[in-house]
Amino acid sequence: MVFVDKPRKRISLVENRKNIIINENVNYDSDNAQIIKGPRFGCRHVQAILLCFGLISGMSTRANLSVAIVAMTNSSTTPNPDVPHYEWKNTSIILSSFYWSYITFQILAGYLGKTYGPKYFLLATSFLNNCACAATPAATALIGFNGVILCRVVQGFTQGFLYPSIHVMLGTWAPDDERTAISNLVFSGAGIGTILSTLGTGYISASWYGWPYAFYILSFCGFIWCILWLVFGQNSPAVHPRITPEEKKYIQSSLKQEDDIHLPVPWKKICTCVPFYALLVAYVGSTWGYVILMTEGPTFLANVMEFDVKSTAVINSLPTVCGLVMTFITGYLADFVIQKKYVNTLNCRKICNSIGCYGQAFCLLWLSFLTKKEANQSIIALTLGGVLSPFIMVGNNVNHLDLSPRFSGVIFGLLNAVGQGASIIATLLVQLFVPDITDRKQWRTIFLITVGLYGIGATVFIWLASATRQEWDGPESKDANERKKKISVFSLTSMI
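Residues numbered from 1 in each chain as written. Predicted model: local features only at pLDDT ≥ 70, side-chain atom pairs only at ≥ 80, totals over all residues. Heavy atoms only, no water.

**A closer look at the overall build of the chain**
Within the chain, the secondary structure is distributed over 20 helices and two strands. Within the chain, the fraction of its 496 residues that count as buried is 57%. Taking the contacts inside the chain whose residues are at least 6 apart along the sequence as the reference set, 84% of them involve residues at least 24 apart. Element-wise, carbon and sulfur atoms account for 66% of the exposed surface of the chain, whose accessible area totals about 21,400 Å². (Helix = DSSP H or I, 4+ residues; strand = E, 2+ residues; numbered from the N terminus. Buried < 20%, exposed > 50% of the residue type's maximum accessible area, 1.4 Å probe, protein only. Contact = heavy atoms within 4.5 Å. Areas by Shrake-Rupley, 256 points an atom, 1.4 Å probe, with all protein chains shown as cover.)

Shown next, in the form of structure tokens:
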């Protein structure tokens, strides 16, 4: 009996030790068998809202020129004769100037944010971005379109830190089972900023104040955000002074970052990772499409469909408004079907990305064959494209967080550097292939190229994408690894 009971006791002890580790890592309430998440509205939600408003500020100062340039080159948009206007024929080059410098700091921004924390990088660059935006009217008055280009290049440099810093923050603040919802909340700021910017710039440009005040007002709002971010922004749960222990434990255990592990960036493994390249191809295709729709869209509507500046602003904001509504629906729906195990994470990403990319390709194909008499259909096509855009956000736009939460900012820096490089090419191709901006056949060439890139990106993503956390993301936790090693040794020796 002694030899029978002893192994059983040892096996039971091993099982108990395993259960202790599981409970320690997952942070369960043993009485209710539920994960303890801390307050219903916690510090992670505050950070998400702050990032959302930061993105609103950044995107509004980025997107406003797409509408403002229509007013800057048309003297009939405002009743005030003192508002300056200019005779420019290189508007696509001016619009592309933001992206010349935007790609420069993408990789460096992700690395610096991961190494030193993104808070103060984001604060400093946002402040400079708003200074450049506010200086645009004065610079334009002094040196013409070169002044606009100069300010846009400065904005591109500073906004190069925006998205990589946000993704570093999400890598430390967004738990696995809330990742899509929190990401969609944050990135809804891009839609809100675009809506406010296009509508606000359109109406201000058509008013007595004219287009310069659009730059002043947006900059002022950006300075307000900088103050809020300085006071309430925090790099991670580990350094937040007011976070509850329960919420801190929940976030860190979910992300397998309970210990402050500093690892070198595995550049070689990232650059030889097949799922990374699948994500890269999909991201480039969808980014190219976004630039064509949002940056060149107002010019197409104003010159081919002949909508006035107010109508252009309203119509151009419709896709973003509808997309914003869909953002919250798709985000929570994606998390719901994954949590309920109706589909796994990978299939959810692939299905959503396919709906978004193939759907927007169809919308552009439709738009490319419309005539001026069918101008109302252009509104429907663009709005439908906006409705489909959030599916891409829960498809390839969050996939890097699946692959590597720890190095998400670095990976996104790589993605955005290449993607925004493609954006420069997209806007320059418009200048090359559309010398006459009133000719719909010339626009059709650009739209069909974009349709092809959407299709290639979506197909490669279906074929090669992954949603599995990569082994080069690093160990889950030093303590957890040590405990697992001890159990492994104990279990082997106790059976002897």
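Next comes the rest of the account.
**As for the pattern of salt bridges**
In this structure the tally under the stated criterion is five salt bridges. Here Glu247 makes a salt bridge to Arg44, at a shortest N to O gap of 2.9 Å. A residue pair is termed long-range when its members are at least 10 positions apart, and Glu247 in helix 10 (residues 245-254) and Arg44 in helix 2 (residues 43-72) qualify at 203 residues. On the basis of relative accessible area, Glu247 is assigned to the buried category, the value being 1%. Here the salt bridges do not stand alone but share partners, grouping Arg44, Glu178 and Glu247 into one network. (Salt bridge = Lys/Arg side-chain N within 4 Å of Asp/Glu carboxyl O.)

**So, the environment of Trp472**
Residue placement: Trp472 occurs in the loop between helix 19 (440-464) and helix 20 (478-494). Sequence-wise, Trp472 and Lys268 are 204 residues apart; in three dimensions their C-alpha atoms are separated by 10.0 Å.

**Digging into unusual backbone geometry**
In this structure, Lys341 takes a positive phi of about 65° despite not being glycine. Note on placement: Lys341 falls in the loop between helix 14 (309-339) and helix 15 (345-368). For Lys341, a relative accessible area of 70% gives the class exposed.

**Re the packing of aromatic side chains**
For the coordinates displayed, the defined rule picks out 23 aromatic pairs. Plain terms: the ring middles of Tyr213 and Tyr216 are 5.5 Å apart, the flat faces sit at 80° to each other, and that makes the pair edge-to-face. On the criterion of helical spacing, the pair formed by Tyr213 and Tyr216 is a turn pair, its members being three residues apart in helix 9 (residues 212-232). Every member of this aromatic cluster is reached through a ring pair, and the members are Tyr86, Trp88, Phe145, Trp211 and Phe215. One residue, Arg62, lies across the ring of Tyr102, its end atom 4.6 Å from the ring centre. (Phe/Tyr/Trp six-rings, centres within 6.5 Å; stacked < 30°, edge-to-face > 60°. Lys NZ or Arg CZ within 6 Å of the ring centre and 35° of its normal.)

**Regarding helix 12 (residues 274-294)**
Relative to the 30 Å expected for 21 residues at 1.5 Å per residue, helix 12 spans 30 Å between its end C-alpha atoms, a close match to the ideal helical length. Most of helix 12 sits inside the fold, with 17 of its 21 residues counted as buried. (Expected span 1.5 Å × (residues − 1).)

**Structural notes on the side chain of Asn399**
Tracing the backbone through its elements, the reader meets Asn399 in helix 17 (residues 399-403). Not counting chain neighbours up to four residues away, the residues in contact with Asn399 comprise Leu279, Arg349, Phe461, Ser466 and Ala467.

**Remarks on the packing of helix 7 (residues 162-173) against helix 8 (residues 179-206)**
Here helix 7 crosses helix 8 at 160°, and the two axes come no closer than 11 Å. As far as their axial angle goes, helix 8 and helix 7 are roughly antiparallel. Considering only the axes of helix 7 and helix 8, their crossing is right-handed. Facing Tyr163, Ile166, His167, Leu170 and Trp173 of helix 7, the residues of helix 8 in contact are Ile182, Ser183, Val186, Phe187 and Ala190. Here the residues of the contact of helix 7 with helix 8 are counted per class, giving eight nonpolar, two polar and no charged. (Axes fitted to C-alpha atoms, helices over the stretch in contact; angles between N-to-C directions. Parallel < 35°, antiparallel > 145°, perpendicular 65-115°, else oblique. Left-handed = near helix turned anticlockwise from the far one by under 90°. Nonpolar A, V, L, I, M, F, W, Y, C, P; charged D, E, K, R; others polar.)

**Quick word on a nonpolar patch on the surface**
Nonpolar side chains collect at one region of the surface, where Phe41, Val46, Ile49, Phe53, Tyr120, Phe220, Ile224, Ile227, Leu228, Leu230, Val231 and Phe232 lie side by side and expose about 1,100 Å² of accessible area between them. Contributions of two or more residues to the nonpolar patch are made by helix 2 and helix 9. For the nonpolar patch, the element with the most residues is helix 9, which contributes seven residues. Assignment of secondary structure puts Ile49 in helix 2. A relative accessible area of 32% means that Ile49 is categorised as partly exposed. (Patch = residues over 30% accessible without salt bridge, like charges linked within 9 Å, V, L, I, M, F, W, Y side chains within 5 Å.)

**Comments concerning the packing of helix 2 against helix 8**
It is the contact of helix 2 with helix 8, at a shortest axis distance of 6 Å, that shows an interaxial angle of 30°. The hand of the helix 2/helix 8 crossing is right-handed. Residues that form the contact of helix 2 with helix 8 fall into these classes: 18 nonpolar, 11 polar and one charged.

**Things to note about helix 6 (residues 145-159)**
Taking 1.5 Å of rise per residue, 15 residues should cover 21 Å, and helix 6 covers 21 Å from first to last C-alpha, within 8% of that figure. Considered for burial, the residues of helix 6 that qualify are Gly147, Val148, Ile149, Cys151, Arg152, Val153, Gln155, Gly156, Thr158 and Gln159.

So, to be careful, I would describe these as geometric facts and stop short of saying anything about function.
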